[in-house]
Amino acid sequence: MRALFLPLLLFVSWLNGFAANLVVIDKSSGQSHARQQVEEAANFYGLSMEIDIADRTNDGVYLKAIRDPRTLAVVVTADALADLDQKKVLAALRHNGGQIPLLIVGINEHTGTELL
């Protein structure tokens, strides 16, 4: 047990020192159930969370957050998909030759399959 605890402790302390970010892109500033669950997971893993509002007219804000070297993963709510420039988001996820994981949350029967 002690042998497993030390590497985990070192990893978590490295993440905290690195100030890892989880970028969440949502349609509105209100608290959704999906966003609440993501926030609980981020807190559990000791990650900071940056919330950006999807806006096709001002996509520079969330694209800058995705390209930030401290960003470990991006979470997009299904409601926000229509307001994103998909090509720019995918290019930002591959920034600097890396691959940042993308999770789409809140998918239901009303989510357009063309958006996915």
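Heads up: the structure comes first, above all this text.
This report concerns the structure included in the present document. (Residues numbered from 1 in each chain as written. Predicted model: local features only at pLDDT ≥ 70, side-chain atom pairs only at ≥ 80, totals over all residues. Heavy atoms only, no water.)

### Some thoughts on the side chain of Thr111
Topologically, Thr111 is positioned in the segment after strand E4 (102-105). With relative accessibility at 13%, the residue Thr111 sits in the buried group. Within the local environment of Thr111, its side chain forms a polar contact with the backbone nitrogen of Asn108, the two atoms lying 3.0 Å apart. (Helix = DSSP H or I, 4+ residues; strand = E, 2+ residues; numbered from the N terminus. Buried < 20%, exposed > 50% of the residue type's maximum accessible area, 1.4 Å probe, protein only. Polar contact = N/O pair within 3.5 Å; in protein donor to acceptor, adjacent residues only side chain to side chain.)

### Observations concerning the sheet that holds strand E2 (residues 48-53)
Spatially, E2-E1-E3-E4 is the arrangement adopted by the 4 strands of the open sheet, whose pairing is parallel. Whereas interior strands pair on both sides, the edge strands pair on one side only; in this sheet they are E2 and E4. For this sheet, the mean inter-axis angle between neighbouring strands, taken without regard to orientation, is 20°. Pairing geometry for strand E1 (residues 21-26) and E2, over 6 bridges, is parallel. Considered in E2, the bridge of Ile25 is made with Asp52. (Pairing = 2+ DSSP bridges. Axes fitted to C-alpha atoms, helices over the stretch in contact; angles between N-to-C directions.)

### Focus on the side chain of Asp85
With respect to the secondary-structure elements, Asp85 resides in the loop between strand E3 (71-77) and helix H4 (86-93). For Asp85, which is buried and forms no salt bridge, the nearest opposite charge comes from Lys88, at a distance of 4.1 Å. What Asp85 contacts, discounting residues up to four positions off in sequence, is Arg56, Asp59 and Tyr62. (Lys, Arg positive; Asp, Glu negative; His and termini not counted. Salt bridge = Lys/Arg side-chain N within 4 Å of Asp/Glu carboxyl O. Contact = heavy atoms within 4.5 Å.)

### Things to note about the packing of aromatic side chains
Between two aromatic rings, the relevant description is the distance of the centres plus the angle of the planes. For the structure shown, the criterion picks out 1 aromatic pair. For the ring pair Phe44 and Tyr45, a centre distance of 5.0 Å and an interplane angle of 85° mean the geometry is edge-to-face. The exposed category is assigned to Tyr45, whose relative accessible area is 53%. (Phe/Tyr/Trp six-rings, centres within 6.5 Å; stacked < 30°, edge-to-face > 60°.)

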